Amino acid sequence: MPPPLPPRVAAAVAATVADLVADGTSGVVLLGSQSRGDAHEHSDVDLVALGNGPEYIHRQLGGLLMSVSWRTADAVRASFADPKLAGSTVPGWRAAVILHDAEGAANELSAEAGAWRWSDIEGPRRAWIAGQMTGRAEVVQRLVGSLAAGRRTTAAVTRNRLATRLPFVAAVHHRILYASEHQLFELVADAMGPAWRRSQDSALGLRGEQLADSCRAALGLYAQLAPVVEPYLNPDQQAVVRSAAELAWAAQHAA
């Protein structure tokens, strides 16, 4: 169990829960850093209200940013079955603090999260990875072309698409569950190994890399991940991903 919420957080949460109940929610759960007990001074408060309502709203209360998502129980279950979302949604619901549960749905969802396993979505997991790697072949080509043409802004934006999204693909491959995105990047680097960590750090510019070097590092992430996920690809996808990986590798070592 997380430690008790600080008084100002508890007061803001109680007021928001009362409003949500008045608006017709059947359940309210606290997610995120506040539920885990690792919130910092500037952390927001993440609440999920079960039922039909605005998908995502914010309010400022007691000096805190309150983030409220309305979700039906079926929508939450769908997120457990979505490879893109399950890695963060499942641990979030495992650590959820149930604040209101008039119909028992929140407790049911928490229990389902606790019983969830990656093997439950093995087929969709493999298909999602294959689709992501195939789709990002175009991003690789755009980045290589932008670098060659000296289009710095386009190169930087395209680099970011690889550097910030490929770790999610690697996370699904390694069946990683993560409480937050900052944790994700560390867990993926641990799973992929030192070469990946060096490329990831450089792609994110953590050591003050020049643009071209950070772009080549992002291309290196694709080149490293491609052979790892090849078993998930059909022959057409293999041809696309291999070609992009070869291009990425050549561009990475061109300088």
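Per chain, residue numbering runs from 1 following the sequence as it is written. Whole-chain, interface and lining totals are the exception, using all residues; otherwise, since this is a predicted model, local features are given only for residues with pLDDT of at least 70 and side-chain atom pairs are given and counted only at 80 or more. For the side-chain quantities, the full set of heavy atoms in the structure was used; hydrogens and water were omitted.

Draft legend 1. Region of the structure containing the packing of helix H7 (residues 152-173) against helix H9 (residues 194-203). Axes, fitted as lines to C-alpha atoms, cover a helix only where it is in contact. Angles between the N-to-C directions of the axes lie from 0 to 180 degrees. Helix and strand assignments come from DSSP, with helices taken as H or I runs of at least 4 residues and strands as E runs of at least 2, each series counted from the N terminus. Packing of H7 against H9 brings their axes to within 10 Å, and their N-to-C directions diverge by 145 degrees. For the pair H7 and H9, the crossing hand works out as left-handed. Only Trp-196, Gln-200 and Ala-203 of H9 make contact with H7, whose side of the interface consists of Arg-159, Ala-163, Leu-166, Pro-167 and Ala-170. Of the residues belonging to the contact of H7 with H9, the class tally is six nonpolar, one polar and one charged. Note on convention: the crossing is left-handed when the near helix lies turned anticlockwise from the far helix by less than a right angle, right-handed when the turn is clockwise. In this analysis, two residues are considered to be in contact whenever any of their non-hydrogen atoms come within 4.5 Å of each other. In this classification, Asp, Glu, Lys and Arg are treated as charged, Ala, Val, Leu, Ile, Met, Phe, Trp, Tyr, Cys and Pro as nonpolar, and every other residue, Gly included, as polar.

Draft legend 2. Here's a closer look at the nonpolar core. The criterion is simple. A nonpolar core is a set of buried Ala, Val, Leu, Ile, Met, Phe, Trp, Tyr and Cys residues joined through side-chain atoms within 4.5 Å. Burial classification: accessible surface area is computed with a 1.4 Å probe over protein chains only, and a residue below 20% of its type maximum counts as buried, one above 50% as exposed, and the rest as partly exposed. Core analysis: the largest hydrophobic core is formed by 64 residues, its most contacted members being Trp-93, Met-133, Trp-196, Tyr-222 and Leu-225. Of all the elements, helix H10 (residues 211-229) adds the most residues to this core, at eleven residues. Two domains each donate at least three residues to this core, and these are domain 1 (7-116) and domain 2 (121-253). Within the second largest apolar cluster, 14 residues are counted, among which are Val-13, Val-17, Leu-20 and Val-28. Domain borders in the structure are assigned automatically or taken from a domain database.

Draft legend 3. Inspection of the pattern of salt bridges at higher detail. Every case where a carboxyl oxygen of Asp or Glu lies within 4 Å of a side-chain nitrogen of Lys or Arg is listed as a salt bridge. Tallied over the entire structure, the rule returns 14 salt bridges. Between Glu-122 and Arg-125 there is a salt bridge whose closest N-O contact spans 2.9 Å. On the criterion of helical spacing, the pair formed by Glu-122 and Arg-125 is a turn pair, its members being three residues apart in helix H6 (residues 122-149). A residue is classified by how much of its surface remains accessible, and Glu-122, at 24% relative accessible area, is partly exposed. A relative accessible area of 0% places Arg-125 in the buried class. Where Glu-122 meets Arg-126, a salt bridge forms, and the shortest distance between an N and an O atom there is 3.8 Å.

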